[in-house]
Amino acid sequence: MLQITKYYYHYYLILIMCILLGSGTAILLLGNFVPTQNVKIYSLLVSILFYICILFYFIHLYKKQQWQIPSKWQNFQKRPFFYCVFIFPFIFIAIFWMNFSYVFPIGYTQIFGNKKILSQVAKPQRIHSRGEVTYYLDTTYSYLPIFKISAQQFQQYQNQHIILQTTILQSPVGTIIQSIDNIKITNKK
């Protein structure tokens, strides 16, 4: 049986945080999922509550002398209040928020979502950021990777009226854009 000693809590915590960071970031950057506003708000509240519980747990361990602040955390030892109240919450809460608002709801939507066909009007857009130009079709869900287009497609669609027909999975917690099935192009009037 795996026994966690009092000096290795921080290593297990770092391992869990790395796994959560990887899964949350992958879904956020590569997934075509949009959570509802309520899910985003509730997941933020749960993330804050979860951080507070972890903080109290480590304070409890510290008071019972079952956990010591690692010697490599010299800045933390100098200013523990600053790190516990300002620095760590930004990291922990952001990681938990990504998982609670994207990873878990995307699994729920994948299992219990209803498939629908959605038609929406789009127009080509260009964004300049950090010296790079990104082209995408401007829709309700335009920041998702599925709506990015190439420079040639941008030139082709620039003065056109575009109607997209997309297949989506929709549930009470969010929407997954599965595919763009049809693109109808007409001249602007």
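Heads up: these notes are all about the structure in this document. The structure presented is a predicted model; accordingly, all values stated were derived computationally and were not measured.

## What to know about the sheet that holds strand β2 (residues 114-129)
And then number 1: Pairing is antiparallel across the open sheet formed by six strands, whose spatial order is β1-β6-β5-β2-β3-β4. Sheet topology places β1 (33-35) and β4 (148-149) at the edges, where each strand pairs with a single neighbour.
And then number 2: As paired strands, β2 and strand β5 (residues 160-171) are joined by nine bridges and run antiparallel to one another. Its bridge partner lying in β5, Asn114 is registered against Gln170.

## A word on the packing of aromatic side chains
And then number 1: The final tally for this structure, using the stated rule, is ten aromatic pairs.
And then number 2: Relative to Phe112, the ring of Tyr108 has its centre 4.9 Å away and its plane inclined at 45°; by these criteria the two rings are tilted. On the criterion of helical spacing, the pair formed by Tyr108 and Phe112 is a turn pair, its members being four residues apart in helix α4 (residues 80-112).
And then number 3: Classification of Tyr108 by relative accessible area gives partly exposed; the value is 36%.
And then number 4: Judged by its relative accessible area of 53%, Phe112 falls in the exposed class.
And then number 5: When the ring of Tyr135 is compared with that of Phe154, the centres are 4.8 Å apart and the planes differ by 35°; the resulting orientation is tilted. With Tyr135 in strand β3 (residues 132-138) and Phe154 in helix α5 (residues 151-157), this pair connects stretches of sequence that are 19 residues apart. Comparing Tyr135 with Phe154, the two get one shared label, buried.
And then number 6: The structure contains a cluster of three or more aromatic residues connected by ring pairs, namely Phe50, Tyr51, Phe92, Phe96, Phe100 and Phe104.

## Focus on the packing of helix α2 (residues 37-63) against α4
And then number 1: It is the contact of α2 with α4, at a shortest axis distance of 8 Å, that shows an interaxial angle of 135°. Compared by their axis directions, α2 and α4 come out oblique. The two elements α2 and α4 meet at a crossing, and its hand is right-handed. Residues Val39, Lys40, Ser43, Leu44, Val46, Ser47, Ile48, Phe50, Tyr51, Ile54 and Leu55 of α2 form the contact with α4, whose own contacting residues are Tyr83, Cys84, Phe88, Pro89, Phe92, Ile93, Phe96, Trp97, Phe100, Ser101, Tyr102 and Pro105.

## Digging into the side chain of Asn32
And then number 1: With respect to the element layout, Asn32 can be found in the loop between α1 (9-30) and β1.
And then number 2: A distance of 3.2 Å separates a polar atom in the side chain of Asn32 from the backbone nitrogen of Ile146.
And then number 3: Those residues in contact with Asn32 that sit more than four places away from it in its chain are Leu144, Pro145, Ile146, Thr175, Ile176 and Ile177.

Quick notes on the rules
Residues numbered from 1 in each chain as written. Predicted model: local features only at pLDDT ≥ 70, side-chain atom pairs only at ≥ 80, totals over all residues. Heavy atoms only, no water. Pairing = 2+ DSSP bridges. Helix = DSSP H or I, 4+ residues; strand = E, 2+ residues; numbered from the N terminus. Phe/Tyr/Trp six-rings, centres within 6.5 Å; stacked < 30°, edge-to-face > 60°. Buried < 20%, exposed > 50% of the residue type's maximum accessible area, 1.4 Å probe, protein only. Axes fitted to C-alpha atoms, helices over the stretch in contact; angles between N-to-C directions. Parallel < 35°, antiparallel > 145°, perpendicular 65-115°, else oblique. Left-handed = near helix turned anticlockwise from the far one by under 90°. Contact = heavy atoms within 4.5 Å. Polar contact = N/O pair within 3.5 Å; in protein donor to acceptor, adjacent residues only side chain to side chain.

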